[in-house]
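Working through the structure, step by step
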Amino acid sequence: METEITAAEKKDLLERLLRGELPDDSGRFGPFGGCYAPETLIPALERLQQGIDRYLHDPAFLQEFHDELTQWVGRPTSLTIATGLGKCWGAQVYLKREDLAHTGAHKINNALGQALLARRLGAERVIAETGAGQHGVATAAACARAGVPCVIYMGAVDIERQAPNVQRMHQLGAEVVAVQSGDRTLRAAINEAFRDWVSDPDRSYYLLGSAVGPHPYPFLVRELQAVIGREARHQMLDIADGLPDVAVACVGGGSNAIGLFHGFLADESVALMGIEAGGRGPGLGDHSATLASGRPGVLHGCYSMLLHDDQGQVQETHSVSAGLDYPGVGPEHALLQAIGRVTYTTATDDEALAALRECCALEGILPALESAHALAGAKRWAQDHPGRRILIGLSGRGDKDMPTLENLPQDLPGSRSS
Amino acid sequence: MSVLPHERISAAIREPRGHVALVPYITAGYPDKARFIDTLRAVSKVGDVVEVGVPFSDPMADGVTIQRASHAAIQNGVSLAWILEQLAGAEGIEAPVVLMGYLNPMLVFGFERLAEVAAHAGVCGFIIPDLPCGECRPALEAFERRGLALIQLVTPATPDARMQQLCEIGRGFTYAVTMTGTTGGAQSLPADVTEYLDRVRRFSSLPVCAGFGVREAGQVRLLGAHADGVVVGSALVEHLEAGGCPQAFLQSLLGAGKLSR
């Protein structure tokens, strides 16, 4: 469980990552990752690994996935030159528009890929968790498309603040289970989804929505989301005539960020920046800034950075954005931080709300509150680095956040009259 | 040479007080923190080995009862360090104690230190449901040096080759999870449970204890015919929550002593 990494080891780990050797056979990204799952789930995780080995490089499967991404999801998603923001920030700003993907967020890339995999593996039902509801909606849609029934676990707190997405899941034929245990947000929803899976591991497929969880999920989710970075890199060369100076994405569990970053890991000139939820501030329980202020630990099957106290109890978290309101983070992000390839900072609730407003006003785009954290972080970077080229992962659209935005006190940034 | 802690566990299961070894589970410091050692002492008068639950904020393999108990215990300030302190000062515990809990609090405590402090406190072994054998080497090595057991769980879905491996690295007893699912869940045992237990016994040179979802004397009798011991968790915790006497409840599971040897 040693996490001190020397400079030579950092270099070696980055090289291995670039050669596609991480995670290794034991599911490790350097010291992070692994498979800390109950014995009941080990056979199911081994079947998943066999499915990945068999299908993720199978031309027929990849063709099906590609065709569905093109025809059904609407990929490639646009790269938008954000002239209004660029002018305001004194930078060249480009938005990778995952909000334009079917169901309104990057989550669909992973949900579709895993739903197709679940069907190939003969799953009779799909289980998923959701925080902001974007993964739930994506899973409901992908399962309807693949013809597999699904059950979505969602914290009671999130059901309230993301009501439009709950209705969408119902319309798409999913069963939505309100989770009343624990903190009643994403973390409790994952606990409950695991409990369901433990109860029925043979017939069920757990469609995990972020780059977290026991091996092989962090790998699988990254591979399915890597399309974001691949497209964005081509589009930058095509439209912007060069690579960005920095690529910025929000990080909760970290699936859109890992997908974007993977396209640029080998490009030394491209700085990479992940923005976590700074919430109300740095106080205990007031934020979800796992990489910025956590310590290594094990939650939901993987060893990664974690917000937990000195007794090892996982901390309560807060973010105005349900999708970032999670005490853990994907193990590959923990590695990327440890080897210094990606810098992780935070944006507060207020900064994110202000960024959301600015994006609405100057670009005519309502971003998700999650994505607004990336905008806020990018703006700060632009102020320190004038005139540079900034690529921002706009991970999703903000329609789902209307209940939160409508309920804001009038004097806060982001409220309608402020 | 003195008896190693993990050997005490095996011996207690092999020579039970009743017709089958009973392995009761209590969540430490629940429902009454002040009465933790009293409750443990009472339970140890009937139980052959006692599992003491270390509460964790995210018990993902547990059903509603243990979730509720864990949450309340944490609220009351129960921690791994507190439990070990209490155990170190306890007297009159008449059965070997094993700690059952999730990995993260133990990881934070540190396995070397945990092994040392636990051995000093008289703990004989550990059950860590989210530490599968592929990840258990650091814990195993630290526990082994102190003669402490890292009890391995097997399930009906565990293939033969893996079951053999788990039975070989295990100490104390082999914990045969009788059904897939969380603790305390279903009311009836699966139909093929006896064949499954016979399969576990073929691989295990250690005594075998069956658990998950055991609530009645009839189930204890059925499982006892095919396993060396039976684990009782959620049903006992619910009995304690209701203010019941643990000894009487555990005796009732053994058929009020009628079937005792």
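Rules and cut-offs
- Residues numbered from 1 in each chain as written.
- Chains lettered and ligands numbered in written order.
- Predicted model: local features only at pLDDT ≥ 70, side-chain atom pairs only at ≥ 80, totals over all residues.
- Heavy atoms only, no water.
- Contact = heavy atoms within 4.5 Å.
- Buried area = accessible area lost by both parts, 1.4 Å probe.
- Salt bridge = Lys/Arg side-chain N within 4 Å of Asp/Glu carboxyl O.
- Polar contact = N/O pair within 3.5 Å; in protein donor to acceptor, adjacent residues only side chain to side chain.
- Helix = DSSP H or I, 4+ residues; strand = E, 2+ residues; numbered from the N terminus.
- Nonpolar A, V, L, I, M, F, W, Y, C, P; charged D, E, K, R; others polar.
- Pairing = 2+ DSSP bridges.
- Axes fitted to C-alpha atoms, helices over the stretch in contact; angles between N-to-C directions.
- pLDDT = per-residue confidence, 0-100.
- Core = buried A, V, L, I, M, F, W, Y, C linked by side-chain atoms within 4.5 Å.
- Buried < 20%, exposed > 50% of the residue type's maximum accessible area, 1.4 Å probe, protein only.
- Domains from an automatic or database assignment.
- Phe/Tyr/Trp six-rings, centres within 6.5 Å; stacked < 30°, edge-to-face > 60°.
- Arc of directions from axis to C-beta.
- Disulfide = S-S within 2.5 Å.

The next subject is the interface of chain B and chain A. Counting residues at the interface gives 33 residues for chain B, matched by 35 residues for chain A. Among the residues chain B hides against chain A, the three largest losses belong to B:Asp58, B:Met60 and B:Glu135. Together they make up 24% of the total. Here chain B is connected to chain A by three salt bridges. Between A:Arg187 and B:Asp58 there is a salt bridge; the shortest N-O distance is 2.6 Å. If you look at where chain B meets chain A, you find 15 residue pairs in polar contact (both at pLDDT 80 or more). Elements represented by at least two residues in the side of chain B that touches chain A include exactly helix H3 (64-75), helix H5 (103-109), strand E6 (152-154) and helix H8 (160-169) of chain B. Across the side of chain B that touches chain A, the residue classes tally to 19 nonpolar, nine polar and five charged.

Moving on: the pattern of salt bridges. Residues and elements named next belong to chain A. As enumerated under the stated definition, the model contains 43 salt bridges over all chains in all. Close ionic contact of Arg-120 with Glu-64 constitutes a salt bridge, the shortest N to O distance being 2.8 Å. Residue Arg-120 is found in helix H5 (residues 107-120), and its partner Glu-64 is found in helix H3 (residues 59-73); the two are separated by 56 residues along the sequence. In this structure, a network of salt bridges that share partners links the residues Glu-124, Arg-125, Asp-196, Asp-200 and Arg-203.

Another point: the sheet that holds strand E9 (residues 246-250) of chain A. Two orientations exist for strands paired in a sheet by backbone hydrogen bonds: parallel and antiparallel. Residue and element names in this part refer to chain A. Spatial strand order, E3-E4-E14-E9-E10-E13: six strands in an open sheet with mixed pairing. In the strand order of this sheet, the two ends are held by strand E3 (79-81) and strand E13 (342-348), each with one partner. Across the sheet, the mean angle separating the axes of adjacent strands is 25 degrees when strand polarity is ignored. Judged from the seven bridges that link them, strand E10 (residues 271-279) and E13 form a sheet pairing that is parallel. By the bridge assignment, Leu-272 is partnered in E13 with Val-342.

Right, let's talk about the environment of A:Ala266 for a bit. As for its position among the elements, A:Ala266 is in the loop between helix H12 (255-262) and E10. Sequence separation between A:Ala266 and A:Glu15 is 251 residues, and the spatial gap between their C-alpha atoms is 9.0 Å.

Further remarks concern the confidence of the model for chain A. When pLDDT is averaged across chain A, the result is 95; 97% of the residues are at 70 or more. Ranking the elements of chain A by mean pLDDT puts helix H17 (residues 402-406) of chain A last, at 90, and E9(A) first, at 99.

Before going further, it helps to examine the confidence of the model for chain B. Of all residues in chain B, 96% have pLDDT values of 70 or greater, and the mean over the chain is 94. This complex was scored by the predictor with a pTM of 0.96 and an ipTM of 0.94.

On to the nonpolar core. Within soluble globular proteins, side chains that are nonpolar generally end up buried alongside one another. In this structure, B:Phe36, B:Ile83, B:Leu87, B:Leu99, B:Phe126 and B:Phe143 are the most contacted members of the largest nonpolar core, which totals 132 residues. Two domains each donate at least three residues to this core, and these are domain 1 (31-69 + 107-222) and domain 2 (74-104 + 226-406) of chain A. Not counting residues within four places of it along the chain, the set of residues in contact with B:Ile83 comprises B:Ala28, B:Phe36, B:Val52, B:Gly53, B:Val54, B:Pro55, B:Val78 and B:Leu99. Residues A:Ala115, A:Trp197, A:Tyr205 and A:Tyr206 belong to the second largest nonpolar core, which totals 70 residues.

As a further point, take the packing of aromatic side chains. This model, assessed by the stated rule, comprises 13 aromatic pairs over all chains. With 5.6 Å between their ring centres and 35 degrees between their planes, B:Phe36 and B:Trp82 make a pair best called tilted. In this pair, B:Phe36 is assigned in helix H2 (residues 36-44) and B:Trp82 in helix H4 (residues 80-88), connecting sequence segments 46 residues apart. There is no split in this pair, since B:Phe36 and B:Trp82 are both buried. Measuring from ring centre to ring centre gives 6.2 Å for B:Tyr175 and B:Phe212, while their planes differ by 90 degrees; the resulting arrangement is edge-to-face. Residue B:Tyr175 is located in strand E7 (residues 174-177), and its partner B:Phe212 is located in the loop between strand E8 (208-211) and helix H10 (217-224); the two are separated by 37 residues in the primary sequence. Residue class for B:Tyr175 comes out buried when judged on its relative accessible area of 2%. B:Phe212 gets classed as buried once you look at its relative accessible area, which sits at 10%. An aromatic cluster is built from A:Phe194, A:Trp197, A:Tyr206 and A:Tyr217, whose rings are joined through pairwise contacts.

Before going further, it helps to examine helix H8 (residues 163-171) of chain A. Residues and elements named next belong to chain A. Within H8, burial applies to Asn-165, Val-166 and Met-169. When H8 is viewed along its axis, its buried side chains cluster within an angular range of 105 degrees and face the same direction. On its buried face, H8 is in contact with strand E5 (125-130), helix H6 (134-146), strand E6 (150-155), helix H7 (156-161) and strand E7 (175-179). A positive phi of about 90 degrees marks Gly-173, the residue just after H8.

Turning our attention to the sheet that holds E6(A). Residue and element names in this part refer to chain A. Spatially, E7-E6-E5-E8 is the arrangement adopted by the four strands of the open sheet, whose pairing is parallel. Looking at which strands have only one partner, the edges of the open sheet turn out to be E7 and strand E8 (204-206). Between one strand axis and the next, the sheet turns by 25 degrees as a mean value, whatever way the strands run.

Residues and elements named next belong to chain B. Taken as a whole and judged by the stated rule, the model has zero disulfides over all chains. Here Cys-136 stays unpaired: no disulfide links it, and the sulfur of Cys-133, its closest cysteine neighbor, is 5.9 Å away. On the accessibility criterion, Cys-136 (2% relative accessible area) is buried. Unpaired in terms of disulfides, Cys-167 finds its nearest cysteine sulfur in Cys-133, a separation of 11 Å.

This paragraph deals with the environment of B:Gly29. As for its position among the elements, B:Gly29 is in the loop between strand E1 (21-27) and H2. With a relative accessible area of 1%, B:Gly29 lands in the buried category.

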